[in-house]
Structure formats: C-alpha cells, structure tokens
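Summary of structural features
Chain by chain, the residues run as shown.
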Amino acid sequence: MAIRIERMVDRRLSRKRWLFVVAYVAMIFVLSAQPGLYIPGTFEYKDKIAHAIEYGGLSWLVHAAVRDTWPGTPGGRRALLAVVAISLLGVADEVFQRGVPGRDSSPFDWMADTLGASLAQLLGLAREKRRGGA
C-alpha cells in the first residue's frame, strides 16, 4: 500500500515537472514570435549569452522531469537524450524565427542554445552525483 502511494506521488511530481517544461517551451516560442525583439545593452555577444541562459533554464527543468520520469536510466544517457532533444528544439526555434519580421535566424544562436542545455545537464549530473543519486 505504501509503495503504491509513493508511486502515485512520484507520477504526480513527474507530471508537474513536465508541465513546467511545456510552459517554458511555450514561453520560448511566444518570445520568438515577437517582431523586432532585442536584448538591450552594448555587449557584442549579449544575444548568445541570453540564448545559453534561456536554453540552460529549459534544460534544468528537463533534467528534473527526466530524472523523475525515468529514475532507473543512467544519468549520462538521460542527459544526452535531453541535450539532443533540446538542441533539436533550438533548431525548430531558429527556423520559426526566420519567418518573424525583424528577427533573424543564426546557427550561432542554435550553438548557444545547445551549449546552455549541455552546461545545465552537466550541472544537474554533478548535483546528482554529489547527492549520491547518479
């Protein structure tokens, strides 16, 4: 009985985490659809840093969702799958932006997305290992 209740709580937490992921992805595409959206400031690579942070945040949410959904899968495998999926989402975002007036699409933005996702996954794995869960 206790195991069944624990599994039910785990499933609810997992679903909740995936809802956060879906909401975050929706936010990314809503921002991508804004014509002429830009990042203020004078730093030359500010948009690349913003991309890395944006997709790093998504990756952090995905890390938690994947960890709770497939706890028996090795951490490295989960992280690799997450980075590949998020990287493909970055490609889709760049293709989508191509059709938005005042926005541009760049392979360098996609690389920043993938870098941010990769760094977040590595941080998540390091955190798991430190806690003894990887």
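Structure: above.
About the thresholds
Residues numbered from 1 in each chain as written. Predicted model: local features only at pLDDT ≥ 70, side-chain atom pairs only at ≥ 80, totals over all residues. Heavy atoms only, no water. Core = buried A, V, L, I, M, F, W, Y, C linked by side-chain atoms within 4.5 Å. Buried < 20%, exposed > 50% of the residue type's maximum accessible area, 1.4 Å probe, protein only. Helix = DSSP H or I, 4+ residues; strand = E, 2+ residues; numbered from the N terminus. Contact = heavy atoms within 4.5 Å. Expected span 1.5 Å × (residues − 1). Polar contact = N/O pair within 3.5 Å; in protein donor to acceptor, adjacent residues only side chain to side chain. Phe/Tyr/Trp six-rings, centres within 6.5 Å; stacked < 30°, edge-to-face > 60°.

Listed in full, the 12 residues of the largest apolar core are Val 21, Tyr 24, Ile 28, Tyr 55, Leu 58, Val 62, Ala 65, Val 66, Ala 82, Ile 86, Leu 89 and Ala 117. Secondary-structure elements contributing two or more residues to this core are α1 (2-32), α2 (46-69) and α3 (75-98). At five residues, α2 tops the list of elements feeding residues into this core. Not counting residues within four places of it along the chain, the set of residues in contact with Ala 65 comprises Ser 14, Arg 17, Trp 18 and Val 21.

In this section: the environment of Gly 56. Within the secondary structure, Gly 56 sits in helix α2. Owing to a relative accessible area of 12%, Gly 56 belongs among the buried residues under this scheme. With 36 residues separating them along the chain, Gly 56 and Phe 20 place their C-alpha atoms 14 Å apart. Filtering out sequence-adjacent residues up to four positions away, Gly 56 remains in contact with Gly 116, Ala 117 and Ala 120.

Relative to the 36 Å expected for 25 residues at 1.5 Å per residue, helix α4 (residues 107-131) spans 36 Å between its end C-alpha atoms, a close match to the ideal helical length. Elements that come into contact with the buried residues of α4 comprise α2 and α3. The distance from a side-chain oxygen at the start of α4 to the backbone nitrogen of Phe 108 is 3.0 Å, and the residue carrying that oxygen is Ser 106.

Here we take up the packing of aromatic side chains. For the structure shown, the criterion picks out three aromatic pairs. On the basis of an interplanar angle of 70° and a centroid distance of 6.4 Å, the ring pair of Trp 18 and Trp 70 is categorised as edge-to-face. One end of the pair, Trp 18, is in helix α1; the other, Trp 70, is in the loop between α2 and α3, with 52 residues separating them in the sequence. Trp 18 sits in the partly exposed class, given a relative accessible area of 29%. Taken together, a centroid distance of 6.4 Å and an interplanar angle of 75° make the contact between Phe 43 and Tyr 45 edge-to-face. Given the relative accessible area of 47%, Phe 43 is considered partly exposed.

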